[in-house]
There are 2 protein chains.
Amino acid sequence: MHEPASSPIGTVRIADYIVERLQLRGVDHVFGVPGDFVLKFFEHLAGSDLQVVNTCDEQGAGFAADAYARLRGLGVVCVTYGVGGLKIANTTAQAYAEESPVVVISGAPGLEEQRSGALLHHVIKGYDNQRRIFEHLTVATAVLDDPDQACREIDRVIDAAMLHKRPVYIEIPRDMTLMEVCRPVAQPAAPPRSDGPTLAAAVDDAVALLRAARRPVAFLGLQTVRFGLLPTALRLIERSSIPTAVTPLDKSAISEQHRCFIGVYAGAMSRRDVQAYVESADCLLLLGPLLTDVNLGGNTAHIRPERCIHATRHQVRIGYRTYDRVRLEDFVHALAEADLPGFGGVSTPVTPDAGALWRPEPKTAVTVARLFERLGAFLADDTVVIADPGDAMFGALDLPVRQDHDFLANAFYASLGFAVPASIGAQLADPARRPLVLVGDGAFQMTGMELSTSLRYGLNPVVVVLNNAGYLTERLMMDGAFNDVLPWNYAALTGVFGGGRSFVIDTEEELDAALLEAADSEDLCLLDVRLDPRDASPALLRLAEQFGMAAGAALAER
Amino acid sequence: MHEPASSPIGTVRIADYIVERLQLRGVDHVFGVPGDFVLKFFEHLAGSDLQVVNTCDEQGAGFAADAYARLRGLGVVCVTYGVGGLKIANTTAQAYAEESPVVVISGAPGLEEQRSGALLHHVIKGYDNQRRIFEHLTVATAVLDDPDQACREIDRVIDAAMLHKRPVYIEIPRDMTLMEVCRPVAQPAAPPRSDGPTLAAAVDDAVALLRAARRPVAFLGLQTVRFGLLPTALRLIERSSIPTAVTPLDKSAISEQHRCFIGVYAGAMSRRDVQAYVESADCLLLLGPLLTDVNLGGNTAHIRPERCIHATRHQVRIGYRTYDRVRLEDFVHALAEADLPGFGGVSTPVTPDAGALWRPEPKTAVTVARLFERLGAFLADDTVVIADPGDAMFGALDLPVRQDHDFLANAFYASLGFAVPASIGAQLADPARRPLVLVGDGAFQMTGMELSTSLRYGLNPVVVVLNNAGYLTERLMMDGAFNDVLPWNYAALTGVFGGGRSFVIDTEEELDAALLEAADSEDLCLLDVRLDPRDASPALLRLAEQFGMAAGAALAER
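This one's a predicted model, so the numbers in the text were calculated from it and none came from an experiment.

**Structural notes on the overall build of chain A**
Assigned secondary structure in chain A consists of 22 helices and 21 strands. Against the globule reference of 24 Å for 558 residues, chain A gives a C-alpha radius of gyration of 24 Å, in line with a compact fold. Burial analysis of chain A (558 residues in total) assigns 62% to the buried set. Considering only residue pairs separated by 6 or more positions, chain A has 76% of its internal contacts joining residues 24 or more positions apart.

**Description of the interface of chain B and chain A**
With 65 residues of chain B at the interface, the matching set in chain A holds 65 residues. Of the residues in the side of chain B that touches chain A, the class split is 39 nonpolar, 16 polar and 10 charged.

**Concerning the domain arrangement of chain A**
Residues and elements named next belong to chain A. For chain A, the assigned domains are domain 1 (11–182), domain 2 (196–337) and domain 3 (357–557). The C-alpha-based centres of domain 2 and domain 3 are spaced at 29 Å. Between domain 2 and domain 3, the residue contacts involve 20 residues of the former and 20 residues of the latter. Class assignment for the residues of the side of domain 2 that touches domain 3 results in 10 nonpolar, 8 polar and 2 charged.

**What to know about the sheet that holds strand S10 (residues 244–246) of chain A**
Residue and element names in this part refer to chain A. One open sheet accounts for 7 strands, arranged S11-S10-S9-S12-S13-S14-S15; its pairing is mixed. Each edge of the open sheet is held by one strand with a lone partner, namely strand S11 (261–264) and strand S15 (321–324). Across the sheet, the mean angle separating the axes of adjacent strands is 15 degrees when strand polarity is ignored. Direction of pairing for strand S13 (residues 308–311) relative to strand S14 (residues 315–318): antiparallel, over a ladder of 3 bridges. The residue of S14 that forms the bridge with His310 is Arg317. Contacts between helix H8 (residues 196–212) and the sheet are confined to strand S9 (216–220), strand S12 (283–287), S13, S14 and S15, with S14 contributing the most and set at about 35 degrees to the helix. Along the sheet face, helix H11 (residues 272–279) touches S9, S10 and S11 and points at about 110 degrees away from the line of S11.

**What about the relation of the copies chain B and chain A?**
For these two chains of identical sequence, chain B goes onto chain A by a turn of 180 degrees and a shift of 0.0 Å along the axis, with RMSD 0.0 Å. Here the symmetry operator amounts to a two-fold rotation axis. Across chain B, the rotation axis passes nearest the C-alpha of Ile133 of chain B, at a separation of 2.8 Å. When the interface residues of chain B are mapped onto chain A, 100% of them are again interface residues, pointing to one common binding face.

**Remarks on the sheet that holds strand S2 (residues 29–32) of chain A**
All names here are of chain A. An order of S3-S2-S4-S5-S7-S6 is seen for the 6 strands of this open sheet, with the pairing classed as parallel. Both outer strands of the open sheet, strand S3 (51–54) and strand S6 (140–143), are each paired with one neighbouring strand and no more. Recorded for the sheet is a direction-independent mean angle of 20 degrees between the axes of neighbouring strands. Examined bridge by bridge, S6 and strand S7 (residues 168–173) share 4 bridges and lie parallel to one another. In the strand pairing of S7, Thr141 is matched with Tyr169. Each of S2, S3, strand S4 (75–79), strand S5 (102–108) and S7 is contacted by helix H2 (residues 39–46), which is oriented at about 125 degrees to S3, the strand it contacts most.

**A look at the environment of Pro421 of chain A**
Residues and elements named next belong to chain A. Residue position: Pro421 is located in helix H15 (residues 419–429). With 268 residues separating them in the primary sequence, Pro421 and Glu153 have C-alpha atoms 30 Å apart. The residues contacting Pro421, other than those within four sequence positions of it, are Thr55, Gly60, Phe63, Ala64, Thr447 and Glu450.

**A few points about the packing of helix H8 (residues 196–212) of chain B against helix H12 (residues 328–337) of chain B**
Residues and elements named next belong to chain B. One way to put it is that H8 packs onto H12 with a least axis distance of 10 Å and a crossing angle of 45 degrees. Put simply, H8 runs oblique to H12. Considering only the axes of H8 and H12, their crossing is right-handed. Taken together, the residues of H12 that come into contact with H8 (itself represented by Leu199, Ala202, Val203 and Ala206) are Asp330, Phe331, Ala334 and Leu335. Per-class residue counts for the contact of H8 with H12 are 7 nonpolar, no polar and 1 charged.

**Brief notes about the pairing of strand S13 (residues 308–311) of chain B**
Residue and element names in this part refer to chain B. Burial of the side chains of S13 extends over both faces: Cys308 and His310 are buried on one face and Ile309 and Ala311 on the other. Pairing of strand S12 (residues 283–287) with S13, which is carried by 4 bridges, proceeds in the parallel orientation. By the bridge assignment for S13, Leu285 is matched with Ile309. In sequence, S13 turns back onto strand S14 (residues 315–318) through a hairpin of 3 residues.

**Here we look at the environment of Pro538 of chain B**
All names here are of chain B. By the element assignment, Pro538 lies in helix H21 (residues 538–547). What makes Pro538 buried here is the crowd of 20 C-beta atoms within 10 Å. Separated by 147 residues in sequence, Pro538 and Asp391 place their C-alpha atoms 9.5 Å apart. Ignoring anything within four residues of it in the chain, the contact list for Pro538 reads Ala369 and Asp398.

**Observations concerning the confidence of the model for chain A**
Summarising the model, chain A shows a mean pLDDT of 93, and 95% of its residues fall at 70 or more. Overall fold confidence for the complex sits at a pTM of 0.96, while the interface term, ipTM, reaches 0.95.

**Some details on the pairing of S2 of chain A**
Residue and element names in this part refer to chain A. The alternating pattern of S2 places His29 and Phe31 on one face and Val30 and Gly32 on the opposite face, and all of these are buried. Sheet topology note: the S2/S3 ladder contains 4 bridges and is parallel. Bridge assignment links Gly32 to a residue of S3, and that residue is Asn54. Note that the unit made of S2, H2 and S3 has a crossover that is right-handed. Sheet topology note: the S2/S4 ladder contains 2 bridges and is parallel. Pairing of Gly32 across the sheet is with Cys78, part of S4.

**Section: helix H12 (residues 328–337) of chain A**
Note that an α-helix has 3.6 residues per turn; residues three or four places apart therefore point the same way. All names here are of chain A. Of all the positions in H12, only Leu328, Phe331, Val332, Ala334 and Leu335 are classed as buried. The buried side chains of H12 occupy one side of the element, clustering within an arc of 165 degrees when seen end-on. The secondary structure elements touched by the buried residues of H12 are H8, helix H9 (222–226), helix H10 (230–240), S12, S13 and S14.

**Comments concerning unusual backbone geometry**
At Ala469 of chain A, a position not held by glycine, the phi torsion is positive, near 60 degrees. Within the fold, Ala469 of chain A resides in the loop between strand S19 (462–467) and helix H18 (472–477). Under the C-beta neighbour-count criterion, Ala469 of chain A is labelled partly exposed, with 18 such atoms within 10 Å. Despite not being glycine, His122 of chain B has its phi angle at roughly 70 degrees, a positive value. Turning to its location among the elements, His122 of chain B is positioned in the loop between helix H5 (111–116) and helix H6 (129–134). Classification of His122 of chain B as buried rests on a count of 29 C-beta atoms within 10 Å.

Conventions and cut-offs
Here, residues in each chain are numbered from 1, in the same order as that chain's written sequence. To label them, take the chains in the order written and letter them from A, then take the ligands in the order written and number them from 1. Confidence filtering applies because this is a predicted model: local features only for residues at pLDDT of at least 70, side-chain atom pairs given and counted only at 80 or more, and all residues used for totals across whole chains, interfaces and linings. Secondary structure counts use DSSP, requiring at least four H or I residues in a row for a helix and at least two E residues in a row for a strand, with both numbered from the N terminus. Using C-alpha atoms as the atom set, the radius of gyration is obtained and then compared with a globule rule of 2.2 Å times the number of residues to the power 0.38. Counting other C-beta atoms within 10 Å of a residue's own tells you its class, since 20 or more makes it buried, 12 or fewer makes it exposed, and anything in between is partly exposed; those C-beta atoms are placed from the backbone. Whether two residues are in contact depends on their C-beta atoms, placed from the backbone: they are in contact if these lie within 7 Å. Nonpolar residues are Ala, Val, Leu, Ile, Met, Phe, Trp, Tyr, Cys and Pro. Charged residues are Asp, Glu, Lys and Arg, and all others, Gly as well, are polar. Throughout the structure description, domain borders are defined by an automatic or database domain assignment. By this definition, two strands are paired if DSSP reports at least two bridges between them. Every axis corresponds to a line fitted to the C-alpha atoms, with the helix fit spanning only the stretch in contact, and the corresponding angles, defined between N-to-C directions, vary from 0 to 180 degrees. A least-squares superposition brings the copies together, and it is based on the C-alpha atoms of residues with pLDDT no lower than 70 in both. Orientation is classified from the angle alone, with under 35 degrees giving roughly parallel, over 145 giving roughly antiparallel, 65 to 115 giving roughly perpendicular, and any other angle giving oblique. Here a crossing is taken to be left-handed if its near helix is turned anticlockwise relative to the far helix by less than a right angle, and right-handed if that turn runs clockwise. Each residue carries a pLDDT score, the predictor's own confidence in it, on a scale running from 0 to 100. A clockwise course of the path from the first strand over the helix to the second, judged with the strands pointing away from the viewer, identifies a crossover as right-handed. Directions drawn from the helix axis to the C-beta atoms are what define this arc.

Structure follows, in structure tokens:
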């Protein structure tokens, strides 16, 4: 598209440097929507080895980049100033909350334009307004307004994204896009290190607690996944045969076929045997999970601090003692080498495999419980399950996912409408995987048009819309017409987008037939599964049962 | 829905007080999407006299509230914390830029929850993070965390919205929603006043300049509209028969049938006779327009400061002299009473009425120019035209709109996707008007699903999708696949939403027939008008012609 870079030795154009640094981190795709302040950069991207992926709306690009980052280690969303940047404030907040390293690149008015002081479109209050907003949403921001510092600034913020596993912000005044600047002299930053004696103390105390334990449970958490520590953590777990659970956010950090896996723990939403096992454990080895409200079954978890070894990215807590400046990677590596007893032979919860026995009941309406049983049978080795917040996710907690990294859910930040655009990022990040998207109708109406993007780029998710004409979880908490959505004929959307196959599903036989066809098809498949407006998943019913009340009342009270 | 308020004398529940204050300002509708942190307030709204209008996505609610505010004087958007609030950062920025008084109401974690320090869903960094972000997007923010101050805070921010005609932010911790608090003792704030001698000097100097003028031109601007000064400003114009123009943002501030109206001025995008007349005027009386880049034809305007009397909300500039602390209303009122000469009898540009003579050419593909000619004939007294940024808006500049307040466009901030949700706010604000929505296909793919909301609430806009398979304006600036969008079969959307009528239009005969049917129909009508991907409106072609180059190159260079 554009002339090849012909920079003198030691210099580089800013746009080329950004592309180079992103590629070095394994990025092949950039998600976004162009606009005039960023058009020159889009034109440059189009001529680079990075693939531009246009979404319908910036929100879709932000969510897609987040999912891509979770699977690839870094994601990029590229937008114009104001009308683009501010549309992804929310998706960036989610990436911050769930520790997903996303680079936000925004165009901006040129420095010359800014100096003229003109009232430019998309600008409010002042030219630095957008950067100041993103300071609240990221771990580092940079405006590339200084040729001498541009490369160093790019390095600084991308390094920050990698170090903190959180979003960062780069703003390019449009007249800087192709400016020729000096390459930085390589200054490899010294990686942060643990404090040696504190690390040793933390490991000693953790080992002592584990040696004294008879029924410990390990949790593999988000930070273990993000920092690439799963192999080491699994070696630790396997050597001592420690029964292992996950929170909803971390589902699939360990294969659910793994001999040490006992289940998903989410307080009163857990399967009863899993809940009882975890809550009666005499030692909990928490390797980096986020202990948050929704992620723990609406604050219904019972985890006793005095029994916990809680390792996070910068700190370990054991009982009521804190060990600062102990990095997660050092702690996990040290513990994996320590001399720990074995805990094999203990009787642990076993995940039921209801799906394998599933047969459609003739002329029977589909229930949420039966839907998820059937979806369990649909899972293949190449499936990645992507669940939207609400009962789509609660129901998915019981799905027996097969391999590592095949479950994505924004179970902490819980922004509705994540799943459909996330499937775009996920499948481009790993084309060997086919997304199974589980999404409520309310959420689908927010971002479902991004299936157009899936079709445009030849992707083929299987999208299951849980159609109950409203926001079920809220309906159960406090009912009103404000929890209803207009019932769409979702299946007609493939006609709008001109691709994919669609299915309207009322009965178990129709569900079975549609999923058999979807499994055989290479096409994007959209399943409109019509459900009773107050039917709920087993997980939500378990929560209700525990409190002896309507499911939602329980949620609302917590 | 809920028990009637039974507050002791002198006290009131916070939610009741908010409803009461909004109704007092003429608000009848609240646009939003519920979420758990704001559910109690939604439930309360549902039992109040305010109508809750649920949109598919928060973005749609934000834009709808903005349009409602422009017509009603105040609009309200109500969302949950984080995942709701941050989704409307962009729509709030637009309301700020274009001086539209929108009240953002966001739920939030309860004060008790906040004190517990738990990691709550939708929360990042800290509980005050969202408020701090909205400080960059509004003129006033309040968190209702103090029962003693709650009512006063509500008054303060709503007053600020009314005074500044810009958005404000109210955050309600969910456990405060129904708290009984003391009513404030009425403390009517003294309205800001002009400095008397400065006002007199400004008026004297303005009168002198107008008396010396032979060919003055007046501009009726946004601030004149927002502050309710149109009747006075029109009296001033009519008394002296001052030829009057508007910028795109202000189109319809004066009826285009008005004897003093000469045309829309947007630099090189203007009709040539209008451009020549304005640029050769010996005095410009600018009553509150925003002199911004897109709004002035991509910075192609030629307005000589030494010939201007530029009145803004707080200040008047005459030539190179500034008169501070002169309020727009005082200046306009004083000038309307001053002794000014008459300027009647001057030959001024006349708006051509091409639409009246429009006849379809058989078997002829629709061009953008012919589309807008035909739309001119479609306009009725009850039409409100809502134009999305890009060529939908540029083309609409030539439409001969009939009455005051019947043209809405976000011509300054220019966020794509405004028009469809804006039509919801506009029609609810004034049910006697029927929106004619003009929107490019790229923008339609962002927010077009909100037609579902229109149908849900029985609204019947006529929506014209300018289908050229991409972002035309950008395509003309710098072309690439990133400016394409997937061609949808837009007409199939009425099947998805289960309502409305749709039309596929390739030829002039089909266009004519569809608009005749739409005019007769009470239904929502969706017209998919298929255009050549590089065809452009006369306004965009005029811009190009002036520079003797491709239209977009001209735009890109400016």
